[in-house]
Amino acid sequence: MALIDISRSVSPATAVWPGDQEVQWTWTARRNEDESSVNLGSLRLSTHTGTHVDAPLHVKPQGEATDDLPLDSFVGPARVVDVTANAPSIRPEHVNQHVNQLDGPSPERVLFKTSSGVSPDDEWPDAVVPIHPDTIHALADAGVSLVGTDAPSVDPLDSTDLPAHHALLDTGIVNLEGLVLTDVPPGRYELVALPLKIVGGDAAPVRAVLRDDPTS
């Protein structure tokens, strides 16, 4: 099956949260230039760079770290839901319209395609389409284990109380941010989005891909 890459690129040009660690890439050895037999690169970046998963530790001092997250949440049936039509936030009615009224069982993973996703990798958006906490609770009631968004955050960029983050924490839903869904039609897919195994991490970069759902 063809894979659809829904990950943002990582390079020194990648836009990061204002004030966060920028991506730094250097060569520590170059073949044929410094008598090295191989090329060796070094990478420094924030755990929230590009497409990434937030661990509960991100908002809860004693929360689970990225290496504690259940891997099965990141692999399996998913539904891409298009809410690009001037939606100021993702409300429960989007769930009712696109998730609960499906043929077959509700998907365990829901990915929201919003107007936030049109920003290129090297530009930080001025605003995003956040997810309302009521929506997260509705998704939890529907048995959803992972929520993804093409925005860099599930909350407004100026939020300090982070209601969507805390709703995800309260419901046990995994939070996947910074997806690229611009050219992905809404519908059913299979998601593979495994985070790096960073011990004690508050977040981890992810290489996320979709492929056609074999059960659809």
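Residues numbered from 1 in each chain as written. Predicted model: local features only at pLDDT ≥ 70, side-chain atom pairs only at ≥ 80, totals over all residues. Heavy atoms only, no water.

*Asks:* Now, about the overall build of the protein chain: what can you tell me, with residues and values included?
*Replies:* Tallying secondary structure elements over the protein chain gives three helices and 11 strands in all. The N-to-C order of helical and strand elements in the protein chain reads β-β-β-β-β-α-β-α-β-α-β-β-β-β. Over its C-alpha atoms the protein chain spans a radius of gyration of 18 Å, differing by no more than 12% from the 17 Å that the globule rule assigns to 216 residues. With the principal axes as the frame, the protein chain shows a C-alpha extent of 65 × 40 × 35 Å. Counting over 216 residues, the protein chain shows a buried share of 45%. Partitioning the intrachain contacts of the protein chain with sequence separation of at least 6 by distance along the chain shows that 72% fall at a separation of at least 24. Surface summary for the protein chain: the accessible area is close to 11000 Å², and the carbon and sulfur share equals 49%. Across the protein chain, the 13 positively charged side chains and the 32 negatively charged ones have centroids separated by 6 Å. (Helix = DSSP H or I, 4+ residues; strand = E, 2+ residues; numbered from the N terminus. Rg over C-alpha atoms; globule rule 2.2 N^0.38 Å. Buried < 20%, exposed > 50% of the residue type's maximum accessible area, 1.4 Å probe, protein only. Contact = heavy atoms within 4.5 Å. Areas by Shrake-Rupley, 256 points an atom, 1.4 Å probe, with all protein chains shown as cover. Lys, Arg positive; Asp, Glu negative; His and termini not counted. Charge placed at Lys NZ, Arg CZ, Asp CG, Glu CD.)

*Asks:* Which residues make up the nonpolar core, and what values do they have?
*Replies:* Counting residues in hydrophobic clusters, the biggest one holds 21 residues, and the most contacted among them are Ile6, Leu111, Leu191 and Leu210. Listed in part, the 17 residues of the second largest apolar core include Val95, Phe112, Leu139 and Ala167. (Core = buried A, V, L, I, M, F, W, Y, C linked by side-chain atoms within 4.5 Å.)

*Asks:* Provide a residue-level description of the sheet that holds strand β1 (residues 4-5), including the pertinent values.
*Replies:* With mixed pairing, the nine strands of this open sheet are ordered in space as β1-β11-β9-β5-β6-β7-β8-β4-β10. Each edge of the sheet is formed by a strand with only one pairing partner; in this case those strands are β1 and β10 (203-205). Examined bridge by bridge, strand β4 (residues 52-54) and β10 share three bridges and lie antiparallel to one another. From the neighbouring strand, Val53 faces β10, where its bridge partner is Ala204. (Pairing = 2+ DSSP bridges.)

*Asks:* So what's going on with the packing of aromatic side chains? Residues and values would help.
*Replies:* Considering all chains together, one arrives at two aromatic pairs under this definition. Ring geometry for Trp17 against Trp124: centres 5.4 Å apart, planes inclined by 70°, an arrangement best described as edge-to-face. One end of the pair, Trp17, is in the loop between β1 and β2 (24-29); the other, Trp124, is in the loop between β6 (109-113) and α2 (133-141), and 107 residues separate them in sequence. For Trp17, a relative accessible area of 34% translates into the label partly exposed. Judged by its relative accessible area of 26%, Trp124 is partly exposed. Ring centres of Trp25 and Trp27 lie 5.2 Å apart, and the angle between their planes is 80°; this geometry places the pair in the edge-to-face category. Relative accessible area serves as the criterion here: at 41%, Trp25 is assigned to the partly exposed category. Classification of Trp27 as partly exposed rests on a relative accessible area of 43%. Sitting over the ring of Trp27, Arg30 keeps its end group 4.2 Å from the ring centre. (Phe/Tyr/Trp six-rings, centres within 6.5 Å; stacked < 30°, edge-to-face > 60°. Lys NZ or Arg CZ within 6 Å of the ring centre and 35° of its normal.)

*Asks:* Lay out helix α3 (residues 163-171) in plain terms, naming residues and giving numbers.
*Replies:* Listed as buried for α3 are Ala164, His165, Ala167 and Leu168. The buried residues of α3 occupy an angular sector of 160° when projected down its axis, which confines them to one face. The inward-facing, buried residues of α3 contact β4, α2, β7 (146-149) and β8 (174-177). Downstream of α3 by one or two residues, Gly172 has phi in the positive range, about 80°. (Arc of directions from axis to C-beta.)

Any link to function would need more than the numbers given here.
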